[in-house]
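The chain contents come next:
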Amino acid sequence: MIKGKKILIGVSGSIAAYKSAILVRLLVKAGAEVKIILTEPAKDFITPLTLATLSKNPVYSSFYKNNEGEWNNHVELGLWADIMIIAPATAHTLAKCANGICDDLLAAVYLSAKCPVVFAPAMDLDMYIHGSTLANIEKLQSFGNQIIKSRYGELASGLVGDGRMAEPEEIVQNIYSVFGKIEKLIGKKVLITAGPTQEPLDPVRFISNHSSGKMGVALANRFVEAGAEVTLVHGRINVEVSNQIIKKIPILSANDMFNAVNDYFETADIIIFSAAVADYTPEEVSDKKIKKKEDNFLLKLVKTKDIAATFGKLKKPNQFLVGFALETDNELANAQDKLARKNFDLIVLNSLNDKGAGFSHDTNKITTIDKEGNIVEFELKNKNEVADDIVKIVSKKIN
């Protein structure tokens, strides 16, 4: 969705300007064409040479190219971009853009832009919460611009509070959401389970599996980018859920996950069971650490509640259920059986026999099967790309 897009980045004078270099690198790596406007104060924090090298394009900072009458056409720059990102956006830059004060190239291009414009404010705490700054942010939003809220943390002054510019990765996610919305998914409520569950033996030990949660988090990110409202019920995952829009419900055990799904199932339009839920849990849990005394230790296990099967029976006609099947043998037959038994509309099959698929990897190789019997095989892909494929399939199939 970013590949081939024309992205214009405005950098104003803030210590957070160093993050703009990371942002440019991420966008270029994703295949975007990036051009940069640097205000004069911003040059005190990051050099044009750095940004020109990373973007592979000249950096603009003045109306004039030289003393021979050549100029940087702000109108052309504004029309060129598919999206304009001003990051960092200082209080000064926010004020100029909000009130039409056109005394530098960045403000002139902003006023000429026909594309979506996104501001990522960065400033000290007192400046950020001042009434004039808040009024300017509100005014910019009233013009249709987007604001990526500043984050809480340590600031350049030594104070701690709101005012830190959002991380480059979050800004990239926001750009994806601008380009990636799918009309049929806008406003849909999506419930996703992800990661492993942990079944306690005693206060120290538990039974679990190797699931990382990467696939579930990738799906949550992509559905949000497509315009959906996402609730992510997850075990202890080893990947950060950085998108602030995602509602995160952390759990530990299979029973915890069952209860959390039960809380949100009724109102969900799309439910995706991608978590690796334990099939069994200890019948008894010791309240003290179990000591190593005997040569053999027998552990009695009982079945956990089958979350997918339980809610598959409760599925309403307007709900769409997606399940996952990780198999080691008779893969297709087992997945088709699971699809029918658990009343899924779609099942995503991956096999541990495929190199690069399954737990912990950044890649996955999937086959999708729908309830009409249609089977689609995909090549090995990054899990973010796999998530994109699944979202596209779901968006085509929902009513």
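Going by the structure above, here's the rest.
Residues numbered from 1 in each chain as written. Predicted model: local features only at pLDDT ≥ 70, side-chain atom pairs only at ≥ 80, totals over all residues. Heavy atoms only, no water.

Q: What exactly am I supposed to notice about the packing of helix 1 (residues 18-29) against helix 8 (residues 168-180) here?
A: Any two packed helices are characterised by the angle at which their axes cross and by the distance between the axes. Relative orientation of the contacting elements helix 1 and helix 8 amounts to 45 degrees, with a least axis distance of 9 Å. Here helix 8 runs oblique to helix 1, going by the angle between their axes. Like other packed secondary-structure pairs, helix 1 and helix 8 cross with a definite hand, here right-handed. Residues K19, I22, L23, L26 and L27 of helix 1 lie in contact with helix 8, whose contacting residues are P168, E169, I171, V172 and I175. (Axes fitted to C-alpha atoms, helices over the stretch in contact; angles between N-to-C directions. Helix = DSSP H or I, 4+ residues; strand = E, 2+ residues; numbered from the N terminus. Parallel < 35°, antiparallel > 145°, perpendicular 65-115°, else oblique. Left-handed = near helix turned anticlockwise from the far one by under 90°. Contact = heavy atoms within 4.5 Å.)

Q: What should I look at first to understand the packing of helix 1 against helix 2 (residues 48-55) in this one?
A: Across the interface, helix 1 lies against helix 2 with an axial gap of 9 Å and an inter-helix angle of 15 degrees. Considering their axes alone, helix 1 and helix 2 lie roughly parallel with respect to each other. Crossing handedness for the pair helix 1 and helix 2: right-handed. On helix 2, the residues touching S20, A21, V24 and V28 of helix 1 are L51, L54 and S55. Counted by class, the contact of helix 1 with helix 2 contains five nonpolar, two polar and no charged residues. (Nonpolar A, V, L, I, M, F, W, Y, C, P; charged D, E, K, R; others polar.)

Q: Explanation requested: the sheet that holds strand 5 (residues 117-121) in the structure shown.
A: Sheet strands line up and pair through hydrogen bonds in the backbone, either parallel or antiparallel. Spatial ordering of the open sheet is given by 3-2-1-4-5-6, a layout of six strands whose pairing is parallel. If you trace the sheet from one side to the other, it starts and ends with strand 3 (59-60) and strand 6 (146-147), each paired once. As defined by bridge partners, strand 1 (residues 6-11) adjoins strand 2 (residues 33-38) across six bridges and the pair is classed as parallel. Residue pairing across strands places I7 opposite V34, the latter belonging to strand 2. (Pairing = 2+ DSSP bridges.)

Q: I keep staring at the nonpolar core and nothing clicks. Help me out?
A: Nonpolar side chains in soluble globular proteins generally cluster together in the buried interior. Of all hydrophobic cores here, the largest spans 35 residues; its most connected members are I192, L219, F223, V230, I270 and V394. Of all the secondary structure elements, the ones that give two or more residues to this core are strand 9 (189-194), helix 9 (214-225), strand 12 (229-234), strand 14 (270-273), strand 17 (320-327), strand 18 (346-351) and helix 13 (383-397). Beyond its immediate chain neighbours, meaning those up to four positions away, V394 contacts F223, I270, F320, V322 and L346. One finds I7, V11, V24 and A32 within the second-largest nonpolar core, a separate group that totals 30 residues. (Core = buried A, V, L, I, M, F, W, Y, C linked by side-chain atoms within 4.5 Å. Buried < 20%, exposed > 50% of the residue type's maximum accessible area, 1.4 Å probe, protein only.)

Q: Mind showing me how you'd approach the pattern of salt bridges here?
A: Two side chains bearing opposite charge may form a pair once their charged atoms approach each other closely. Taken as a whole and assessed by the stated rule, the structure comprises 20 salt bridges. R222 is paired through a salt bridge with D388; the nearest N and O atoms lie 2.6 Å apart. Taken as a pair, R222 in helix 9 and D388 in helix 13 lie far apart in primary sequence, 166 residues in all. The residue D370 makes a salt bridge to K397 at a minimum N-O spacing of 2.7 Å. Linking D370 in strand 20 (residues 367-370) with K397 in helix 13, this pair joins segments that are 27 residues apart in sequence. On the basis of relative accessible area, D370 is assigned to the buried category, the value being 4%. (Salt bridge = Lys/Arg side-chain N within 4 Å of Asp/Glu carboxyl O.)

Q: Hey, could you run me through helix 13 in this one?
A: Owing to its 3.6 residues per turn, the α-helix brings residues three or four apart onto one side. Relative to the 21 Å expected for 15 residues at 1.5 Å per residue, helix 13 spans 21 Å between its end C-alpha atoms, a close match to the ideal helical length. Listed as buried for helix 13 are K383, V386, A387, D388, D389, I390, V391, I393, V394 and S395. (Expected span 1.5 Å × (residues − 1).)

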